[in-house]
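# Structural characterization, general
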Amino acid sequence: MNSIEKIDVNRQRMSKKELMIADYLLKNADQVTTSNISTLAAKMKVSQASISRFVRKYCAETFMELKIELASRNSEQNSYDESRKIFSWADDVDQIPSKMIQSIDKTCQDVMEVNPHQVFTQAVKAIKDAPHVIFFGVGASGIIVDDFQQKLARLEKRCIYNPDSNFGVLNARLAGPKDVVVAVSFTGRTKEVLVAAREAKARGAVVITMTGNLPNPLEQLADIRFHVPTTEYNSVRLAPIFSIYGQLFIVDNLFLMLAKAKISNVEKFVSQYKDLTEQLKEK
């Protein structure tokens with residue numbers, strides 16, 4: 001039973017003041033998610049303590065936890081509507097490519113809006129200076145991780161990654177104070193990634209996270225945070241589509257910025273890489 005349902009079923013037990021708080025919370029969920037407790041207390045003409053006691057009594061959580069739950073429910077409903085719209089494209093197959101292009105373009109623009117340039121520069125410096133970059137990500141997030149570590153390998157950066165979650169936790173124990181961890185989880189709640197990132201953090205590594213933009217436990221471990229706008233929510237999306245494009249867009253930006261920071265002579269660097277790979281084609 002979620003908090004809204006708990007409030008609703010307990011209405012008969014509530015005092016007059018509690019009923020007023022309950023009605024406000026139920027009818028103004030959007031305001032609750034975007035306001036602090038002092039603002040809501042002023043609007044309801046009650047004390048902050050009254051709201052806190054009400055939430056603790058009937059929801060068994062803090063006011064901040066209630067806000068996060070309401071935000072998640074709102075986002076999930078919006079994402080469900082978005083998912084239905086996306087799959088309705090199949091009604092007109094000829095229009096799918098153009099609609100995909102438009103949506104990918106919007107996703108990339110949204111990514112840049114929610115991730116300031118400073119976040120990219122911080123991440124580039126941390127990765128450039130790190131002796132090792134350790135990656136954590138499973139499932140669909142493993143696609144992002146695999147792409148990123150291959151790109152860094154081309155820049156001669158030592159990377160550690162294994163898609164097996166058990167190895168992820170073991171790799172976390174290799175982390176040192178100068179290393180960088182890149183932890184990818186769209187929900188920010190993937191247990192295998194959380195456990196590994198928490199262990200690496202405890203060992204002093206710099207933690208870079210890539211998650212959706214809803215509050216989540218993984219981003220709370222981060223020194224540097226990247227967010228992808230939540231247009232697809234994990235519990236309702238049949239398959240990750242635009243979140244993948246958004247994450248790869250972040251990876252490609254970081255790769256190009258790192259290449260610029262690391263490579264002083266592009267022609268020489270490309271030539272050396274080509275000479276090495278050409279050996280694989282020799283008979």
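See the structure shown above.
A brief report on the enclosed structure follows. Treat the numbers as computed from the prediction; the structure is a model and nothing was measured. (Residues numbered from 1 in each chain as written. Predicted model: local features only at pLDDT ≥ 70, side-chain atom pairs only at ≥ 80, totals over all residues. Heavy atoms only, no water.)

Okay, the overall build of the protein next. Summing up its helical and strand segments, the protein has 13 helices and five strands in all. Every one of the 283 residues in the protein was classed for burial, and the buried ones make up 42%. Counting only contacts in the protein whose residues sit at least 6 apart along the sequence, the fraction spanning at least 24 positions is 68%. Element-wise, carbon and sulfur atoms account for 52% of the exposed surface of the protein, whose accessible area totals about 15,800 Å². (Helix = DSSP H or I, 4+ residues; strand = E, 2+ residues; numbered from the N terminus. Buried < 20%, exposed > 50% of the residue type's maximum accessible area, 1.4 Å probe, protein only. Contact = heavy atoms within 4.5 Å. Areas by Shrake-Rupley, 256 points an atom, 1.4 Å probe, with all protein chains shown as cover.)

What follows deals with the pairing of strand β5 (residues 224–228). The element β5 is largely enclosed, with a buried count of four among its five residues. Summarising the sheet, strand β4 (residues 206–212) and β5 pair through five bridges and their orientation is parallel. Bridged to Gly212 within β5 is Val228. (Pairing = 2+ DSSP bridges.)

The full count for this structure, using the stated rule, is eight salt bridges. The shortest N-O distance in the salt bridge between Arg11 and Asp23 comes to 2.8 Å. Of this pair, Arg11 sits in the loop between α1 (3–9) and α2 (16–27) while Asp23 sits in helix α2, placing them twelve residues apart in sequence. Among the residues examined, Arg11 registers a relative accessible area of 28% and is labelled partly exposed. On the basis of relative accessibility, which here comes to 26%, the residue Asp23 falls in the partly exposed class. A salt bridge links Lys106 to Asp110, with the nearest nitrogen and oxygen atoms 2.8 Å apart. Of the two residues, Lys106 and Asp110 are both situated in helix α7 (residues 96–114); the distance of four residues between them amounts to about one turn of the helix. (Salt bridge = Lys/Arg side-chain N within 4 Å of Asp/Glu carboxyl O.)

Attention now moves to the packing of helix α10 (residues 165–172) against helix α11 (residues 191–202). Two numbers describe how α10 lies on α11: the axes approach to 8 Å, and their chain directions differ by 10°. With respect to α11, the element α10 is oriented roughly parallel. Taking contact as the criterion, the partners of Ser165, Gly168, Val169 and Ala172 in α10 are, on α11, Glu192, Val195, Ala196, Glu199 and Ala200. Grouping the amino acids of the contact of α10 with α11 by side-chain chemistry returns five nonpolar, two polar and two charged. (Axes fitted to C-alpha atoms, helices over the stretch in contact; angles between N-to-C directions. Parallel < 35°, antiparallel > 145°, perpendicular 65-115°, else oblique. Nonpolar A, V, L, I, M, F, W, Y, C, P; charged D, E, K, R; others polar.)

Now for the sheet that holds β4. Pairing is parallel across the open sheet formed by five strands, whose spatial order is β2-β1-β3-β4-β5. Whereas interior strands pair on both sides, the edge strands pair on one side only; in this sheet they are β2 (159–160) and β5. In this structure, strand β1 (residues 133–136) lies alongside strand β3 (residues 180–184), joined through four bridges in parallel fashion. Along β3, the bridge assignment pairs Phe136 with Ala183. Contacts from helix α8 (residues 117–129) reach β1, β3, β4 and β5, with the element oriented near 130° to β5.

To continue, consider the environment of Val193. In this fold, Val193 is placed in helix α11. For Val193, a relative accessible area of 1% translates into the label buried. In sequence terms Val193 and Phe136 are 57 residues apart; their C-alpha atoms lie 5.6 Å from each other.

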